[in-house]
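Next come the chains, spelled out residue by residue.
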Amino acid sequence: MARQNLDSLDKKILSLIASDARTPFLEVARACNVSGAAIHQRIQRLTAIGILKGSQFIINPEKIGYETCAYIGLYLKDPSKFDEVVEELRKIPEVVECHYTTGGFDMFIKLYAKNNHHLLNIIHDKLQPLGLSRSETIVSFNAVINRQLPIAEAVSEDEPSDDEDEE
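Novice: If you had to explain the overall build of the protein chain to someone new, which residues and values would you point to?
Specialist: Helix and strand counts for the protein chain stand at five helices and four strands. Counting across all 167 residues of the protein chain, residues that qualify as buried make up 28%. Restricting to contacts in the protein chain with at least 6 residues of sequence separation, those with at least 24 account for 67%. Accessible surface, the protein chain as shown: approximately 12,200 Å² in total, 50% of it carbon and sulfur.

Structure (structure tokens):
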């Protein structure tokens, strides 16, 4: 996937909206000293090229009764069934992420459960039937860092990338 270059206006816009996607475009425009139309066009462009992946409200799982967050490394009996297992994982609403990984796991998932008993039921009743040889579960007590990447660190058009030779 090609890296996209960001100019200083793109970076400023992203910095302003990353912390609150509901920030009005006119407020962003004032902070950037450009028109609201310019901000709207930039946001559309950043979305079209895949830098922005939309906006959403984030639900706090604990507030709706999901007190256990777990990360589970899955080992498949038949790794060639990966795509089929992913499709079945999509049907389990408690699974919120699934990753291809390096290392020993065939895949790595994140899920939320109401409590440890519910977690056990998910693993036993929903994950094991997918053809697992085994799994390794890590329960998260608390996410102490949960943030977006800092926009200031993004490479702009006038900065060399890591793969360019510097003279």
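Novice: Account for the layout of surface pockets, naming residues and giving values.
Specialist: Size it by volume and the second largest pocket reaches roughly 230 Å³. Lining the second largest pocket are Phe82, Val86, Leu89, Arg90, Ile92, Val95, Val96, Glu97, Cys98, His99 and Tyr100. Elements with a minimum of two residues in the lining of the second largest pocket: helix H4 (82–90) and strand S2 (95–99). With five residues, the top contributor of residues to the lining of the second largest pocket is S2. Taken together, the residues of the lining of the second largest pocket break down into eight nonpolar, one polar and two charged.

Novice: Which residues make up helix H3 (residues 36–48), and what values do they have?
Specialist: Taking 1.5 Å per residue as the helical rise, H3 with its 13 residues ought to reach 18 Å, and the 18 Å between its terminal C-alpha atoms agrees with that figure. For H3, the complete set of buried residues consists of Ile39, Ile43 and Leu46. For H3, the angular spread of buried residues about the axis comes to 65 degrees, placing them on one side. Opposite the buried face of H3, by more than 90 degrees, sit the exposed residues Gln41 and Ala48. Against helix H1 (8–18) and helix H2 (25–32) lie the buried residues of H3. At the C-terminal side of H3, Gly50 shows a positive phi close to 90 degrees.

Novice: Which residues make up the pattern of salt bridges, and what values go with them?
Specialist: All told, the structure shown has seven salt bridges when counted by the stated rule. A salt bridge links Arg45 to Asp10, with the shortest nitrogen-to-oxygen separation between them at 2.6 Å. With a gap of 35 residues between them, Arg45 in helix H3 and Asp10 in helix H1 connect regions that are remote in the sequence. In this structure Arg45 comes out as partly exposed when scored by relative accessible area, which is 32%.

Novice: Just give me the short version of the confidence of the model for the protein chain, but keep the residues and values in it.
Specialist: Predicted coordinates in regions of low pLDDT should not be interpreted in detail. Overall, the predicted model of the protein chain reaches an average pLDDT of 89, with 89% of residues at or above 70. Predicted confidence for residues 154–167 stays below pLDDT 50, and this span has 19 contacts to residues more than four positions away or in other chains.

Novice: I'd love a proper account of the packing of aromatic side chains, names of residues and values included.
Specialist: Tallied over the entire structure, the rule returns four aromatic pairs. Plain terms: the ring middles of Tyr71 and Phe108 are 6.1 Å apart, the flat faces sit at 15 degrees to each other, and that makes the pair stacked. With Tyr71 in strand S1 (residues 68–76) and Phe108 in strand S3 (residues 107–113), this pair connects stretches of sequence that are 37 residues apart. Judged by centre distance (5.3 Å) and plane angle (65 degrees), the ring pair of Tyr75 and Phe105 falls under edge-to-face. Of the two residues, Tyr75 sits in strand S1 while Phe105 sits in the loop between S2 and S3, which places them 30 residues apart along the sequence. Here Phe105 falls in the partly exposed class, since its relative accessible area comes to 21%.

Novice: Help me get a handle on unusual backbone geometry, residues and values and all.
Specialist: Here the phi dihedral of Asn33 falls at roughly 60 degrees; this positive angle occurs in a residue that is not glycine. Considering the arrangement of structural elements, one finds Asn33 in the loop between H2 and H3. Assessed through its relative accessible area of 71%, Asn33 is described here as exposed.

Criteria and cut-off values
Residues numbered from 1 in each chain as written. Predicted model: local features only at pLDDT ≥ 70, side-chain atom pairs only at ≥ 80, totals over all residues. Heavy atoms only, no water. Helix = DSSP H or I, 4+ residues; strand = E, 2+ residues; numbered from the N terminus. Buried < 20%, exposed > 50% of the residue type's maximum accessible area, 1.4 Å probe, protein only. Contact = heavy atoms within 4.5 Å. Areas by Shrake-Rupley, 256 points an atom, 1.4 Å probe, with all protein chains shown as cover. 1 Å grid on protein atoms, 1.4 Å probe; cavity = no way out; pocket = protein on both sides within 12 Å on 5 of 7 lines; lining within 4 Å. Points joined across faces, edges and corners; volume = space filled by probe spheres on them. Nonpolar A, V, L, I, M, F, W, Y, C, P; charged D, E, K, R; others polar. Expected span 1.5 Å × (residues − 1). Arc of directions from axis to C-beta. Salt bridge = Lys/Arg side-chain N within 4 Å of Asp/Glu carboxyl O. pLDDT = per-residue confidence, 0-100. Phe/Tyr/Trp six-rings, centres within 6.5 Å; stacked < 30°, edge-to-face > 60°.

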